[in-house]
Each structure stands twice: as structure tokens, then as C-alpha cells.
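Fold and contact review
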Amino acid sequence: MMQQAKSLFLLLAGLAVTGTSRAAWEVNMTEGVTAVSRNIYGLHMTILMICVVIGLIVFGVMFYSIFKHRKSKGAVAHQFHESTLVEIVWTSIPFLILVLMAIPATKTLVEIYNTDEADIDIKITGYQWKWQYEYVGEDVSFFSNLSTPREQIRNVRDKNPNYLLEVDEPLVIPVDKKVRFLVTAADVIHSWWVPALAVKRDAIPGFINEAWTNIEVPGTYRGQCAELCGKDHGYMPIVVEAKSQEDYDAWLLAKKTAAGKERELTDKTWTMAELMDRGEQAYTKACAVCHQPNGAGMPPIFPALKGSPMATEADQIGAHVDIVMNGKKGSAMQAFAGQLSEVDLAAVITYERNAWGNDTGEMVTPQEIVEYKKTGEYVEDPAKQTMPDNQQASL
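Note that the structure is a prediction, hence the values are computed from the model and not measured.

Glancing now at the overall build of the protein. Looking only at helices and strands, one finds 13 helices and 10 strands in the protein. Expected size for 395 residues packed as a compact globule is a radius of gyration near 21 Å; at 30 Å, the protein overshoots this value by more than 25%. Based on the C-alpha atoms only, the size of the protein along its principal axes is roughly 105 × 50 × 45 Å. A total of 395 residues make up the protein; the buried ones form 35% of that total. Across the protein, contacts joining residues at least 24 apart in sequence account for 62% of those joining residues at least 6 apart. Of the accessible surface of the protein, which amounts to about 23,100 Å², a share of 60% is contributed by carbon and sulfur atoms. One finds the centroid of the 36 positive side-chain charges in the protein at a distance of 11 Å from the centroid of its 48 negative side-chain charges.

Given below as C-alpha cells:
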């Protein structure tokens with residue numbers, strides 16, 4: 001009994017502390033940085049206060065009745081079975097309360113789902129375990145991957161403040177503009193969730209769900225995939241950067257320029273060294289999480305590439321290109337034809353065939369990948385360069 005009294009005292013004392021102290025163990029939902037998020041927060045607080053008042057009244061009447069009409073004072077329970085008045089009262093009051101609660105809730109829900117008259121449309125596609133952002137009508141598309149170093153994940157290095165909430169390519173949008181999100185997925189169900197924006201939409205293969213936001217304050221806002229989408233579900237963060245219109249326009253122009261230069265690179269004559277260098281970067285970003293940085297994989301789900309016949313035998317180069325481009329049905333191997341550029345596809349295949357002691361000396365060029373996309377068949381370009389024996393031995 002004394003222990004329960006002590007616990008109750010500590011609870012009441014905690015409720016009595018100042019707002020600054022309470023912030024240290026904040027348990028309420030965040031207010032957010034958009035008009036919709038503030039309306040949701042306001043609705044939440046309104047419903048919470050209604051529930052608190054109902055609880056105080058109900059428990060107050062209950063405890064008063066227990067104390068005032070206790071048996072020790074000779075109280076006799078009043079019988080009012082099948083009372084029409086009581087039935088009407090205890091049905092009408094909850095009904096009226098629910099109607100009053102439904103009015104602000106419906107108004108807020110209508111606002112949440114009103115995606116009309118958007119200034120910018122962005123298609124969001126969930127992949128295991130990354131996001132693709134496509135700016136509709138702007139010819140800008142890119143993937144956003146987790147950028148937390150693997151050393152931090154393995155507890156080899158100290159974790160930074162944004163551990164598992166940092167990406168290589170954030171989603172960038174302008175402030176004071178209505179941005180509509182078209183959310184879908186390419187493999188399994190994901191969920192795009194940024195609490196500060198009050199946006200959470202399931203990404204379902206074959207379906208497009210809509211959401212929108214209008215950020216008023218420039219800044220960086222972070223979220224995560226909120227659907228259990230696989231073993232690396234926790235490695236699928238979201239970062240949204242809200243910029244001024246001027247900064248956003250400059251960013252968008254830089255992205256378009258970079259995309260144009262990337263397309264031009266398919267016509268370049270690449271050397272083995274250049275493909276190996278770029279392939280290592282592409283492999284680290286897109287493949288290492290499953291097949292490991294050293295190519296050892298995680299059998300049986302993710303087979304080893306080091307020493308694999310697929311990556312070492314000359315007659316398997318076409319099959320190697322095919323599985324990287326189209327994935328493998330019934331397995332965790334994704335299709336990367338739409339995820340990586342022609343240059344990165346050629347580079348990563350070249351890297352896999354020459355890293356970790358595979359040493360095939362074979363290279364795949366961006367031009368060959370372009371032709372593969374047209375015909376669906378890998379045809380080796382006889383005019384491409386080959387790796388000198390001394391360079392092959394040095395790998």
C-alpha cells in the first residue's frame with residue numbers, strides 16, 4: 001500500500017513540473033511544420049481533452065456514489081430496470097458527443113485528402129530498401145539510399161546524431177508550394193512517413209496513393225519507412241529538404257544538367273580502370289548491403305559473387321547482364337534496369353567480374369547495355385577495349 005501511495009505521489013509530482021522539465025520526456029505527438037500537421041495536432045488535443053473531461057465526470061460520479069451510498073451507511077440500491085428514460089439518456093449523450101467529435105475530425109480528414117491544385121507532382125516509389133523520387137514533367141529522377149556508414153551499423157565507430165536517418169540524395173521541395181506525392185512501390189508494401197509533415201502513405205505495388213504537403217519553414221525533416229518491408233526495413237530512411245524558391249530552382253537546374261551529362265556518358269569510350277572505379281561506387285551503394293562489400297554474400301538468400309561461376313566464367317557474361325538487369329523471380333534479387341543508369345549498370349557488372357580475385361579481364365560497356373535494353377539480348381561489342389594482362393594481374 002505504501003509503495004502504491006509513493007508511486008501515485010511521484011506521478012502527481014511529475015505532472016506538476018514546469019513545461020521545460022516535461023519536455024525532457026515528451027510523450028505527446030509532435031505539432032509539425034505545416035498547416036495540416038498543426039490541424040491534426042489541434043484535433044488530437046481536442047479529442048484528448050474531451051476524453052479527459054468524460055473520464056473525470058464518469059470516475060467522479062462513480063467514486064462519489066461508492067463513497068456516499070456505501071453499504072456501511074445503510075444505503076439501499078435503487079431499482080430502475082427497463083427504464084425508458086435511462087435508456088434514452090445513456091444512448092443520446094454518447095451519440096451527441098460522437099457527433100461533436102466527428103465535426104472537426106471530418107473537416108481535418110477532408111483537408112488531408114484534398115490533393116487538388118498542386119504546384120508540383122512527385123512520384124515516390126519504394127524499393128527494398130530505398131526510395132525513388134521522380135519529379136513529374138521535369139525529367140528529374142533519382143534514388144535515395146541510406147548513407148550511414150556500415151562501420152556505425154556494426155558498432156565499430158561512434159554513431160552520429162542522425163544515425164540511420166541520413167541519405168545520399170534527399171527529396172528537395174520549395175517552401176510555400178503545394179506538393180502532391182504519388183506513392184507506390186516496385187516490390188513489397190512500404191510506407192512513406194515524415195512526422196513533421198503529417199504525411200504517411202502506404203506504398204503498394206500496382207496502386208498509387210496520394211498525399212500532399214505545403215511546408216512553410218525551410219529546413220530538413222526526417223522520416224522512415226513505417227511498414228515492415230523486409231530484414232533491412234530499418235535501413236530505409238527519408239530526408240526532405242525544404243528550400244526557398246530561388247534555391248530550389250537552382251537545385252532543379254543542377255539536377256537537370258547532371259542528368260543530361262549522365263546520358264552523354266553512354267557515348268563515351270570507357271577504360272577498364274574507369275569502369276572499375278565507378279563500378280565500386282555503384283556496387284557499394286546498390287549491392288553491398290546484400291552481397292557484402294567483399295562479395296561474400298549471405299548464403300543462401302544472397303549468394304556470394306566472389307568466385308561465383310556467374311561472375312567468373314566467360315560464357316556466363318550474358319546471364320550475368322540479364323540477372324542484374326531483370327532480377328530473378330522468386331528471389332530477393334531485384335531488377336536494376338530501372339534503378340541504375342546504363343553507365344552504372346555496365347560499371348557494376350564489370351566490377352563484379354574483376355573484383356575480389358575474380359580477375360576475368362572482361363568488361364561490359366554502357367553501349368552494350370543500351371543495346372541490351374533495345375533487344376533484350378547481350379551482344380558483345382568487338383570494338384571495345386580489353387584489359388591488359390598486367391592490369392588484370394594487379395586487381
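Another point: the side chain of Gln292. Turning to its location among the elements, Gln292 is positioned in the loop between helix H8 (288-291) and helix H9 (309-312). Beyond its immediate sequence surroundings of up to four residues, Gln292 is in contact with Arg154, Tyr283, Cys287, Gly297 and Met298.

Per the counting criterion, the structure on display carries 11 aromatic pairs. Measuring from centroid to centroid gives 6.0 Å for Phe142 and Trp251, while their planes differ by 80°, and the two rings are edge-to-face. With a gap of 109 residues between them, Phe142 in strand E3 (residues 140-144) and Trp251 in helix H6 (residues 245-264) connect regions that are remote in the sequence. On the accessibility criterion, Trp251 (16% relative accessible area) is buried. When the ring of Tyr248 is compared with that of Trp251, the centres are 6.1 Å apart and the planes differ by 25°; the resulting orientation is stacked. Of the two residues, Tyr248 and Trp251 are both situated in helix H6; the distance of three residues between them amounts to about one turn of the helix. Among the residues examined, Tyr248 registers a relative accessible area of 4% and is labelled buried. Stacked on the ring of Trp212, the Lys or Arg Lys178 has its end atom at 4.5 Å from the ring centre. When the ring centre of Trp129 is taken as origin, the NZ or CZ atom of Lys231, which lies over that ring, is 5.7 Å away.

With that settled, the discussion passes to the nonpolar core. Of all hydrophobic cores here, the largest spans 38 residues; its most connected members are Ile122, Tyr133, Tyr135, Phe181 and Trp192. Among the elements that make up this core, the one with the highest residue count is strand E5 (residues 179-185) (four residues). Other than its neighbours up to four places away in sequence, Tyr133 contacts Ile122, Lys123, Ile124, Val140, Ser141, Phe142, Ser144, Glu169, Leu171, Trp192 and Ile238. Counting residues in hydrophobic clusters, the runner-up holds 30 residues, among them Met276, Ile317, Val324 and Tyr378.

Taken together, five strands build an open sheet; the order of strands is E3-E2-E1-E5-E8 and the sheet is mixed. The open sheet terminates on both sides in strands that have one partner only, identified here as E3 and strand E8 (209-213). Across this sheet, the average inter-strand angle for adjacent strands is 25°, counted without regard to direction. Along the sheet, H6 makes contact with strand E1 (120-127), strand E2 (130-135) and E3, crossing E3 at roughly 90°.

How each quantity is defined
Residues numbered from 1 in each chain as written. Predicted model: local features only at pLDDT ≥ 70, side-chain atom pairs only at ≥ 80, totals over all residues. Heavy atoms only, no water. Helix = DSSP H or I, 4+ residues; strand = E, 2+ residues; numbered from the N terminus. Rg over C-alpha atoms; globule rule 2.2 N^0.38 Å. Buried < 20%, exposed > 50% of the residue type's maximum accessible area, 1.4 Å probe, protein only. Contact = heavy atoms within 4.5 Å. Areas by Shrake-Rupley, 256 points an atom, 1.4 Å probe, with all protein chains shown as cover. Lys, Arg positive; Asp, Glu negative; His and termini not counted. Charge placed at Lys NZ, Arg CZ, Asp CG, Glu CD. Phe/Tyr/Trp six-rings, centres within 6.5 Å; stacked < 30°, edge-to-face > 60°. Lys NZ or Arg CZ within 6 Å of the ring centre and 35° of its normal. Core = buried A, V, L, I, M, F, W, Y, C linked by side-chain atoms within 4.5 Å. Pairing = 2+ DSSP bridges. Axes fitted to C-alpha atoms, helices over the stretch in contact; angles between N-to-C directions.

Interpretation in functional terms is not warranted from these geometric data alone.
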